[in-house]
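Structural description and commentary
One-letter residues, chain by chain:
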Amino acid sequence: MSLVMSLLVSTLFIGFLLEEHLTLGSNLSVGEINATRCIEDERQALLIFKQSLVDDSGFLSSWGNGDGKRDCCKWRGVICSNRTGHILVLNLHSTDGYLGGTISPSLLDLFHLNYMDLSFNNFNGSNIPEFIGSIRNLRYLDLSYAGFSGPIPYQLGNLSRLLSLDLHGNDLYSIRNLDWLSHLSSLKNLDLGLSNLSKANDWVQVVNKLPFLESLSLQSCNLPNIISPFLSLINSSTALTSLELFGNILTSSVIYPWLFNLKGSILKAFGNMKALKQLSLFSNQLEGGIPKSFRNMCSLQSLLLHHNHLSGDFTDYTKNLSGCTEHSLILDLHGNFLKGVILETHFSNLSNLQTLDLSYNSLSLEFSNNWILPFRLSFIHLGSCKSGPRFPNWIQITGGTLQLLDLSENLLSRTVLNLAGNNFSGRIPSSIGSLVSLVMFNLHNNSFSEELPSSLNNCTALEFVDLSDNKLSGEIPSWIGQSLTSLVFLSLQANKFNGGIPYNLCDLVNLQILDLSRNKLSGTIPQCLSSLTSMVQNGNLSTMIQQNYVYGREYEFTKNLGLLLVIDLSSNELSGEIPGAIASLSGLVALNLSWNILTGVIPQKIGQLRRLEVLDLFRNRFSGDIPTSTAELTFLSHLDLSYNNLLGKIPLSTQLQNFDASAFSNNLALYGPPVSSSCSATETPQLQQRSIN
């Protein structure tokens with residue numbers, strides 16, 4: 001059932017409750033429950049009904065003869081009249097386990113029953129009982145997804161007071177015509193979706209006899225295309241708000257004359273259906289274009305015409321779409337034969353467009369670089385639409401509402417996608433993998449969650465990936481090192497990644513900045529980090545990083561961006577020792593391993609990192625001496641060795657003694673400048689305390 005249909009049925013039901021002043025069962029606690037006990041004959045009818053059912057989940061455990069169970073008006077799913085005590089509603093829609101078995105004719109003793117919902121149960125392929133057609137006061141009947149099969153009983157046509165009938169999602173079929181439906185002249189909601197109506201040659205004529213119909217779903221019913229010249233083509237319902245005829249093989253010659261009450265052109269037809277909110281005609285064989293009268297459909301919220309044979313210039317479509325709607329609009333035209341060049345002017349009257357799918361037509365996109373969208377798109381499907389070679393800027397300023405993006409099979413080259421600093425959330429769309437020319441992918445400072453899409457490994461041209469400050473989780477995929485071998489910048493900072501650092505990252509020989517800080521990573525630091533050969537070389541960063549990395553966000557202490565080579569693994573749960581081979585990364589400028597549980601000694605050869613400007617080992621469990629080779633780190637501008645288990649004399653150098661004593665505080669027994677003026681090993685070191693933020 002569509003959202004529009006669900007809302008309609010809910011509205012009708014709530015109105016019914018207010019009208020009847022009902023006493024509700026315990027699971028439907030609305031208002032005060034009247035103390036009036038139910039009618040005994042009706043209670044017995046329900047108990048007999050229960051005996052015919054299979055209830056393995058205890059759904060009807062409140063039904064019985066025991067203490068506290070005598071009043072059937074308090075049973076689960078039962079609603080009684082507050083005035084008479086008669087049972088009016090039987091709502092056994094399954095949400096936590098299902099009912100099975102058979103349906104007892106004892107329900108016929110519920111003479112005042114208005115509402116019956118047995119949906120989402122499993123009656124194991126049994127037929128819909130014919131006697132249901134004799135429960136004459138029924139106004140609402142929902143048997144959807146209840147495991148019924150066989151013919152639709154024509155006896156349902158006796159329910160002349162019925163307002164809503166839902167048989168969707170069963171294995172039903174019509175033996176003959178649907179003439180019985182024409183007796184339900186008060187129907188507002190009709191859903192026969194997924195039933196086989198191939199023999200119902202009168203379906204158009206019958207539906208035309210339902211003047212109050214607001215919601216109609218005949219989804220995937222194998223409807224026949226037969227239109228007899230003797231049938232009336234007068235669609236008598238002007239109240240339709242939802243129409244679903246998708247999944248059939250209908251042609252325009254069938255649909256248009258019926259929908260539009262026409263004797264001539266279809267172009268003026270839709271003006272008679274101003275209340276329509278949802279129109280689903282996809283997966284048929286409709287031809288032609290959208291009529292001009294669509295401009296009058298101010299209530300339209302969803303137009304689904306994909307997978308048809310629609311053709312023509314897309315310009316005509318946008319001109320004929322409503323500009324007066326006050327609701328978010330879903331427009332899906334993918335899989336047709338539309339052609340033309342799409343310009344920003346074509347969307348000037350679609351200020352409420354929320355979902356747009358134009359994929360798999362013959363369309364080209366030509367938007368100016370400074371175009372500002374007149375709508376806030378959440379879902380964009382433009383697969384196979386010709387666009388490029390530059391990535392469209394308008395997608396980067398969608399206002400944080402974008403949830404899905406599909407630009408597959410386009411002409412984009414060296415694509416740069418920068419969506420940083422928005423408010424995007426949810427999963428990163430798997431369609432991102434279709435951007436095989438993507439070289440920069442920046443989602444910094446959003447709210448994306450869950451795991452990285454595996455389709456991203458198709459983007460083998462990537463050089464810059466910044467996914468920092470999101471809510472991504474799971475393990476860091478090994479395919480990053482296997483497939484994205486052109487990476488020079490990788491930041492997964494401030495997410496929720498767990499597990500170990502994959503050894504495959506060592507294959508990123510072009511990597512110049514690696515930031516995995518502020519996650520929940522565990523295990524040891526891979527010994528193979530020495531394979532990051534771009535951190536051995538004394539060269540400049542790529543232009544990609546210099547132009548797009550927000551310099552100063554983390555490394556405000558670095559003066560020369562052109563020489564910024566960084567490894568930041570801080571604020572994780574890493575253990576073990578610092579790999580000695582890390583000293584071979586002679587071009588490294590910043591090494592931050594703070595806030596972990598690393599142990600062992602500081603590598604003796606750390607002084608080989610001659611270009612190191614930042615060394616932060618704060619809050620670990622390092623022990624032993626500070627290596628004498630640290631005196632050779634003459635470029636250091638930031639040093640923090642505090643809160644470890646270090647001891648011994650601080651090496652003398654022109655650089656180390658210039659730092660504040662707090663850089664060495666809270667260790668076991670460090671001494672010498674700047675901690676103390678004395679060089680005596682027997683003197684108790686003066687430890688400078690500092691607060692932890």
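These lines cover the structure that appears in this document, whether it is placed above or below.

Procedures and definitions
Residues numbered from 1 in each chain as written. Predicted model: local features only at pLDDT ≥ 70, side-chain atom pairs only at ≥ 80, totals over all residues. Heavy atoms only, no water. Phe/Tyr/Trp six-rings, centres within 6.5 Å; stacked < 30°, edge-to-face > 60°. Helix = DSSP H or I, 4+ residues; strand = E, 2+ residues; numbered from the N terminus. Buried < 20%, exposed > 50% of the residue type's maximum accessible area, 1.4 Å probe, protein only. Lys NZ or Arg CZ within 6 Å of the ring centre and 35° of its normal. Expected span 1.5 Å × (residues − 1). Contact = heavy atoms within 4.5 Å. Pairing = 2+ DSSP bridges. Axes fitted to C-alpha atoms, helices over the stretch in contact; angles between N-to-C directions.

1. A few points about the packing of aromatic side chains
In total, this model carries eight aromatic pairs according to the counting rule given. The interplanar angle of 10 degrees and the centroid separation of 5.1 Å between the aromatic rings of F123 and F148 together place this pair among those described as stacked. Here F148 lies in the loop between β7 (140–142) and β8 (149–151) and F123 lies in the loop between β6 (115–117) and β7, a separation of 25 residues in the sequence. For F123, a relative accessible area of 2% puts it in the buried group. Among the residues examined, F148 registers a relative accessible area of 2% and is labelled buried. Pairwise contacts between aromatic rings join F49, W63 and W75 into one cluster. The aromatic ring of F59 is capped on one face by R76, whose charged end is 4.0 Å from the ring centroid.

2. Quick word on helix α2 (residues 40–51)
The periodicity of an α-helix, 3.6 residues per turn, causes residues three or four places apart in sequence to face the same way. The terminal C-alpha atoms of α2 lie 17 Å apart, and with twelve residues this matches the ideal 16 Å at 1.5 Å per residue to within 8%. All of the buried residues along α2 are E42, R43, A45, L46, L47 and F49. Where α2 is buried, its residues meet β2 (53–54), β3 (78–81) and β4 (87–91).

3. With respect to unusual backbone geometry
The omega angle of the peptide bond from P673 to P674 is 5 degrees, so this bond is cis rather than trans. With respect to the element layout, P674 can be found in the segment after β41 (669–671). In this structure, N445 is a non-glycine residue whose phi angle is positive, near 65 degrees. Within the secondary structure, N445 is located in the loop between β26 (438–442) and β27 (447–450). Not every positive phi belongs to a glycine, and D469 is a case in point at roughly 55 degrees. Within the secondary structure layout, D469 lies in the loop between β28 (464–466) and β29 (471–475).

4. A short note on the sheet that holds strand β39 (residues 638–640)
Strand order across the open sheet formed by nine strands is β24-β26-β28-β30-β32-β34-β36-β37-β39, with parallel pairing between neighbours. Every other strand in the sheet has two partners, leaving β24 (415–418) and β39 as the edge strands with one partner each. On average, adjacent strands in this sheet sit at an angle of 10 degrees to one another, irrespective of strand direction. Note that strand β36 (residues 590–592) and strand β37 (residues 614–616) share three bridges and pair parallel. Of the residues in β37, the one forming a bridge with L591 is L615.

5. Re the sheet that holds strand β17 (residues 309–313)
A sheet is described by the order of its strands in space; here four strands give the open sequence β15-β17-β19-β21, paired in parallel fashion. Sheet topology places β15 (287–288) and β21 (362–365) at the edges, where each strand pairs with a single neighbour. Here β17 runs beside strand β19 (residues 337–342); their pairing, made up of three bridges, is parallel. Residue pairing across strands places S311 opposite F337, the latter belonging to β19.

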